[in-house]
Amino acid sequence: NKDLQAAGSLRTQLTNLFRLAINKAYPDLTDEPVVAACNNPKFGDYQCNNAMQLFAKLKGKEGAPKAPRDVASALVANLPPNELLSETSLAGPGFINIRLSNEFLSKRVSEMLKLGLQPPFSPDLSSKKCVVDFSSPNVAKEMHVGHLRSTIIGDTICRTLELCGAQVLRLNHIGDWGTQFGMLIQHMSELTPSADGGATGDESISDLMELYRAAKKRFDEDEGFKQRAREAVTALQSGDEKSLRMWRAICAASRKEFAAIYERLGVRVEERGESFYNPMLKAVVEELKEKGCAEESDGAICVFVEGQSIPLIVQKSDGGFGYASTDMAAIKHRLEVEKADWIIYVTDAGQAQHFDLVFSAAKKAGWIGTPESKAKIDHVGFGLVLGEDGKKFKTRSGDVVRLVELLDEAKARCTDTIRTRSQETGETVDEASLEHAASAMGYGAVKYADLKSHRMTNYKFSFDSMLDLKGNTAVYLLYAHARIAGIARKAEKDIDALAASTPIVVAHQREVDLALHLSRFPEAMEDMLQELTPNRLTDYLYELSERFNAFYVDCKVLGSEEEGSRLQLVEATARVMRQCFSLLGLIPLYRI
Ligand code: ARG
C-alpha cells in the first residue's frame, strides 16, 4: 500500500534500503522490496524475500546469476552504508535475514522518548481528509450490541487516523428518516390527540420501542391504520408542521439515550443522520438516470452492477427513497462537499453487499475511481456478538440487551475487584478514585474485548473472560501499566532530563527484545490501517507487556549500574502503552 510510507517504521526504512540495493545491483529491474518481520526471531528481526523473483526475471539474460542465493548476496553487497543493520545472513533458497544493531535500537527508543509518538513515529498517510461513518443507531429503536461494536471499532479507527495527522470527520449516520416514522407518528397522535401528538422529547427508549411495536402491530393488522400511516409519511415528507414537530421530539428523545452511551464510552461522533440527505435524493437519482447508470426495472429505479445478482434500488416503485438512495447521496456529498479522500463505513458484515453495490454504483457514476477522484472507500465489516452459550446475545427473558445495563454491570464488577484487591494489599482507595478506576476498567474491558478479536469473527460476550486479571484483557493491561508507571515514580527521576543526559544502552537480550518491540509501534499502526483491524494494536500491546515482564524479571532496574538507561526503557514502555490505550479508547490508571 503506497499510502503508508511511514517515515518512522522500521519496515519502511529497511524497504527503502533494499530499494536502493535492487536499483544498484539490477538497474533494469524496479521490483518493490518485500520486507517483513521474521516469524522466528532466531533467524533475524526482518527478512527480505525478493531474491527468488528477481532471479526468475534475470534468468536467461546475459551474465545472469546462477542461483537465487547469488541474487541475495548481490543485494546484500549493494546495500548502502547505514546504521540499521548489524548483520545479514542467507537462508533457504535466497531469503535474506536481517538483524538490527543494538546501537540503532537504543537510539530509536531514545528518540521516541524525546520526540513523542506522533509523526514521524506514526505512519505518514497520503489520505488527509477522512470520513468515518460509524455507530449509526436507529431512532426509536434500542442501540444494540452491533451498534456498540461499530462505535468501538469506529472510534479506534478514527483515533489512529488522527494520531497520523489526518483530519477525521466522525459521522453518525443515524436512521432518523423513513416510512417507520409515519407509522409511529400516526399511532402516537391517535393515542394523544393534542397539538404535540403526545411526543414531548422526554420519552425513554423503552417508551418509544413500546409505541413502535404497537404501531407496527396495527400497521400489519388494520388496513385503515395502514392507509392513515401512509398518509402520515406523505405529510411528514411534505413538511407538515405537526408531523415535523413530532418527528423532532422523537429524535430528541433517542438522541439523549445515544448521548448517554457516547458519554460513558468517551466517544465523539457528529450526528448527520439520513434525514440530512433528504433534500438531495431527487437530484441524485436524476443524475444517475441522466448518466445512464440507473434504469427502470419493475417500476423501481435501479443501478445494475456487474458481478452482482441484485441491483441497487435507488427509488422504489412507489416513488419513495430508501436506505440505498440515502447512501448514494451521502457518498456523493462526502466526496464532493467534504472532499474526503478516504471514506470508511463501519457496520456489521451483513451489510457488505449493500456497500459493494453502493461503491460500484458510485464508480459507475464517475464519482470515484477516476483520475480526478482517487478517493479510497472501505467497508469495515464485523461479526456478531454472541452470548456465552454461543447463541445470539440476548437477556435471559429473550430481550435485546440494553447497552446501559451492560456498561453498568462491567463497572459494578470492577468496583468489586478493586475493593477486594485493596483489602488484600491494605491500600485504601477513596470513593472518587474508585469511581474513576472502575469506569476506566469496566468500560475499557468491554472495549478491549471487542477490539482484540479479529473483527470478522463472531465474538462471545463474557464478563468473566473480559474482566480476567490475567491474560490479554484491559484489566490486566491497566494493572500492568500502573505497576510500570510505579517503577518510574519510585526512582524519583526526571525522565526527560535523564533522556537528555544519559544514553540508552541495550545489551542484555531482554533489553534488546523490548527495545525492538518498542521500535515497532509505528508498524502496528501501519498494519492496523492497512487492514483496518484494531486487533493488530491489541496484539502489539499485549506482546509489549509480555516483553516488559521478561525484561523486568531478568534485568534489575532500580539501584543497578544500568539504572539510567533502564529507567528510560521503563518509561518508554509506559508511554507506548499509554499511546496504545489512547488509540483503543482506554484511560490509563496510575495507582489502582
Ligand atoms: N443505521 C444502520 C443500521 O443500524 C447503519 C448505518 C450505516 N451507515 C450507512 N451509511 N449506511 O444498520
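Criteria and thresholds
- Sequence positions are assigned chain by chain, starting from 1 and proceeding in written order.
- In keeping with the predicted nature of the model, local features appear solely for residues at pLDDT of at least 70, side-chain atom pairs appear and are counted solely at 80 or more, and the whole-chain, interface and lining totals rest on all residues.
- In this description a helix means any DSSP run of H or I spanning at least four residues, a strand means any run of E spanning at least two, and both kinds are numbered starting from the N terminus.
- Every C-beta atom is placed from the backbone, and the number of other C-beta atoms within 10 Å of a residue's own sets its class: buried at 20 or more, exposed at 12 or fewer, partly exposed in between.
- Each residue is represented by a C-beta atom placed from its backbone, and any two residues with such atoms within 7 Å are regarded as in contact.
- In this text, near has one meaning. A residue is near a molecule or strand if its C-beta atom, placed using the backbone, is within 6 Å of it.
- Following the grouping adopted for this structure description, the nonpolar residues are Ala, Val, Leu, Ile, Met, Phe, Trp, Tyr, Cys and Pro, the charged ones are Asp, Glu, Lys and Arg, and the polar ones are all others, Gly among them.
- Each domain span listed reflects an automatic or database assignment of domains.
- The pLDDT value expresses, per residue, how confident the predictor is, ranging between 0 and 100.
- In this description, strands pair whenever DSSP reports at least two bridges between them.
- For every element, the axis is a line fit to its C-alpha atoms; helices are fit only across the contacting stretch, and the angle between N-to-C directions ranges from 0 to 180 degrees.
- UniProt positions are given in the numbering used here, feature names are shortened, and annotations may be inferred rather than shown by experiment.
- By convention in this section, buried Ala, Val, Leu, Ile, Met, Phe, Trp, Tyr and Cys residues joined through C-beta atoms within 7 Å make up a nonpolar core.

Caption draft 1: Structural view of the overall build of the chain. A tally of helices and strands in the chain yields 21 helices and 14 strands. Each principal axis of the C-alpha distribution contributes one length, and for the chain these read about 85 × 75 × 40 Å. Counting over 592 residues, the chain shows a buried share of 43%. In the chain, the proportion of contacts linking residues at least 24 apart, taken out of those at least 6 apart, comes to 74%.

Caption draft 2: Molecular detail of the site of the ligand. Surrounding the ligand, one finds D133, S136, P137, N138, H173, G175, D327, A330, Y345 and T347. Contributing elements (two or more residues each) for the shell around the ligand: α11 (323–336) and β11 (342–348). Considering only residue class, the shell around the ligand consists of 3 nonpolar, 5 polar and 2 charged.

Caption draft 3: Fine view of the domain arrangement of the chain. Each domain of the chain was delimited in the assignment, giving domain 1 (10–100), domain 2 (129–284 + 322–382) and domain 3 (403–584). Inter-centroid distance (C-alpha atoms) of domain 1 to domain 2 is 51 Å.

Caption draft 4: Spatial organisation of the confidence of the model for the chain. Here the chain averages 93 in pLDDT, while 99% of its residues score no lower than 70. Within the model, pLDDT remains below 50 along residues 1–6, and this stretch shows 16 contacts once partners closer than five positions in the same chain are excluded. Across the whole predicted complex the pTM is 0.95, and at the interface the ipTM reaches 0.99.

Caption draft 5: Focus on the sheet that holds strand β8 (residues 294–297). Strand order in this open sheet of 3 strands is β8-β9-β10, and the pairing throughout is antiparallel. Strand pairing shows two members of the sheet lacking a second neighbour, β8 and β10 (312–315), which therefore form its edges. Pairwise comparison of adjacent strand axes, ignoring direction, gives a mean angle of 45° for this sheet. In this sheet, β10 lies alongside strand β9 (residues 300–303) in antiparallel orientation, the contact comprising 3 bridges. Considered in β10, the bridge of I301 is made with Q315.

Caption draft 6: Just the sheet that holds strand β5 (residues 129–133), in detail. Strand order in the open sheet formed by 5 strands is β7-β6-β5-β11-β12, with parallel pairing between adjacent strands. The open sheet has two edge strands, β7 (270–271) and β12 (376–382), and neither has a second partner. In this structure, β5 lies alongside β11, joined through 4 bridges in parallel fashion. Each residue of the ladder has a partner; that of C130, found in β11, is W342. In the packing of helix α5 (residues 145–163) onto the sheet, contacts are made with β5, β6 (167–172), β11 and β12, and the angle to β11 comes to roughly 155°.

Caption draft 7: Here's a closer look at the environment of L148. Following the sequence through the fold, L148 ends up in helix α5. Classification of L148 as buried rests on a count of 23 C-beta atoms within 10 Å. Separated by 326 residues in the primary sequence, L148 and A474 place their C-alpha atoms 17 Å from one another.

Caption draft 8: The arrangement of unusual backbone geometry in detail. Positive phi is not limited to glycine here, since S135 has a value of about 70°. Mapped onto the elements of the fold, S135 is located in the loop between β5 and α5. Its identity as a non-glycine residue notwithstanding, S136 has a phi of 45°, on the positive side. Following the sequence through the fold, S136 ends up in the loop between β5 and α5.

Caption draft 9: Structural detail: helix α18 (residues 509–519). Turning to α18, its buried residues are E511, L514, A515, L516, H517, L518 and S519. In the core, the buried residues of α18 are packed alongside α1 (10–25), β4 (95–100), α4 (102–115), α19 (521–531), α20 (535–554) and α21 (563–584).

Caption draft 10: Molecular detail of the pairing of β8. Pairing analysis gives 4 bridges linking β8 to β9, with the strands arranged antiparallel. Note on β9: the bridge partner recorded for A294 is V303. The antiparallel hairpin formed by β8 and β9 contains 2 residues in its connecting segment, where D298 sits at a positive phi of about 50°.

Caption draft 11: Here's a closer look at the UniProt feature "domain: Arginyl tRNA synthetase N-terminal" (unreviewed entry) in the chain. In the numbering adopted here, UniProt assigns the feature "domain: Arginyl tRNA synthetase N-terminal" (unreviewed entry) to residues 12–100. The annotated region residues 12–100 carries 36% helix and 21% strand content, and the separation between its end C-alpha atoms amounts to 14 Å.

Caption draft 12: Layout of the nonpolar core. V132, V314 and A445 are the most contacted members of the largest nonpolar core, which totals 145 residues. If you tally residues by element for this core, the top one is α21, at 11 residues. When near neighbours in sequence (up to four residues on either side) are disregarded, A445 contacts A410, M466, L467, T473, A474 and V475.

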